[in-house]
Amino acid sequence: MSPEVISAPTPVDTPKPDRAHSRARAARRRKAVVLLVRVLLLVAVLGLWEALSRSKAIDPFNFSMPSKIWDQISTWVMHGTAQGALGEQIWVTLHEALLGWIIGVIAGVVFGIALGRIAFLADVLGPYIKVLNSIPRIVLAPIFVIWFGLGPSSKIASAVVLVFFPVFFNAFQGAREVDRNLVANARILGASDRRVTLQVVIPSATSWIFTSLHVSFGFALIGAIVGEYIGATKGIGLLVAQSQGTFNAAGVYAAMVILAVVALVAEGLLTFAERRIFRWKPSDSGH
């Protein structure tokens, strides 16, 4: 009987480090560092501003200082404004901006997809869109005040015209960039123009549309604020106008801080919604 062949023991593979876990930990560490640097930068800028104002290196009457801005915000929060509670002023501006944003987004998406899909319609309306886009839309705010009065309608109209064009051009480009093979396959399967638009074009253009939503809400706030600045009975823009009229620099900056907070909250909500909708997209490790 032949001798039994004894095989050498195979080395046990040592477990490799979990690369995904390491990358996630590195990403969390990077986010913490970025947040820390952001906070330190803000503190440094505010501290330098405060020091320069107190030392009279810059004119505290014109430039104010962070402590006075905080005092102004605290006064508005605790005692309200001349037009009522601060929360009411914020809600008036936010309501006008939201309505203008919703109307502008819907109109921009509908017209963008329509002109992106129908070449004849794009050829006919294209020159008019370009002419309207070339008009500085901020100058339309006084006209809207004349047309619609001092109520919210004029501010909503200002927000609509500022929101419409960035959404329109992104939706138009998104409709034009749809993969032609997807459209052709849908046609082969018997899909009508309506089904192709609803089930192929619009989903493909959604990423383009969401890109414009981040910018467009800021434009909606600008439209509402400009309209209120020109003529209104309530709103943050009216606070800016009145603070400027009384040479209250702290009041102007305080209103800007409030608007910045509102814009950041809206941006955070849009980013959250986008991540929920586009969970299939790979995350950008650089951000």
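Cut-offs used in this document
Residues numbered from 1 in each chain as written. Predicted model: local features only at pLDDT ≥ 70, side-chain atom pairs only at ≥ 80, totals over all residues. Heavy atoms only, no water. Axes fitted to C-alpha atoms, helices over the stretch in contact; angles between N-to-C directions. Helix = DSSP H or I, 4+ residues; strand = E, 2+ residues; numbered from the N terminus. Parallel < 35°, antiparallel > 145°, perpendicular 65-115°, else oblique. Contact = heavy atoms within 4.5 Å. Nonpolar A, V, L, I, M, F, W, Y, C, P; charged D, E, K, R; others polar. Salt bridge = Lys/Arg side-chain N within 4 Å of Asp/Glu carboxyl O. Buried < 20%, exposed > 50% of the residue type's maximum accessible area, 1.4 Å probe, protein only. Patch = residues over 30% accessible without salt bridge, like charges linked within 9 Å, V, L, I, M, F, W, Y side chains within 5 Å. Areas by Shrake-Rupley, 256 points an atom, 1.4 Å probe, with all protein chains shown as cover. pLDDT = per-residue confidence, 0-100.

A. Structural detail: the packing of helix H4 (residues 86-117) against helix H5 (residues 119-134). At a minimum axis distance of 6 Å, the contact between H4 and H5 shows a crossing angle of 125°. Here H4 is positioned oblique relative to H5, judged by the angle of their axes. Contact residues: H4 offers Ala114, Leu115 and Arg117, while H5 offers Ala119, Leu121, Ala122, Leu125 and Ile129. Of the residues assigned to the contact of H4 with H5, the class counts are seven nonpolar, no polar and one charged.

B. How the structure looks around the pattern of salt bridges. Across all of its chains, the model carries two salt bridges by this definition. Close ionic contact of glutamate 50 with arginine 54 constitutes a salt bridge, the shortest N to O distance being 2.6 Å. Here glutamate 50 and its partner arginine 54 are both found in helix H1 (residues 19-54), four residues apart, which amounts to about one turn of the helix. The exposure class assigned to glutamate 50 is buried, which follows from its relative accessible area of 14%. A salt bridge links glutamate 88 to lysine 234; its shortest N-O distance comes to 3.2 Å. With glutamate 88 in helix H4 and lysine 234 in the loop between helix H9 (193-230) and helix H10 (236-245), the pair connects residues that are 146 residues apart, well separated along the chain.

C. A nonpolar patch on the surface, seen in detail. A cluster of nonpolar side chains, namely Trp91, Leu98, Ile102, Ile106, Val110 and Phe111, defines an oily patch on the protein surface of about 560 Å² accessible area. Positionally, phenylalanine 111 belongs in helix H4.

D. Layout of the confidence of the model for the protein. Mean pLDDT over the protein: 81, with 81% of residues reaching 70 or higher. No element of the protein has a lower mean pLDDT than helix H8 (residues 180-188), at 63, and none a higher one than helix H3 (residues 66-79), at 91.

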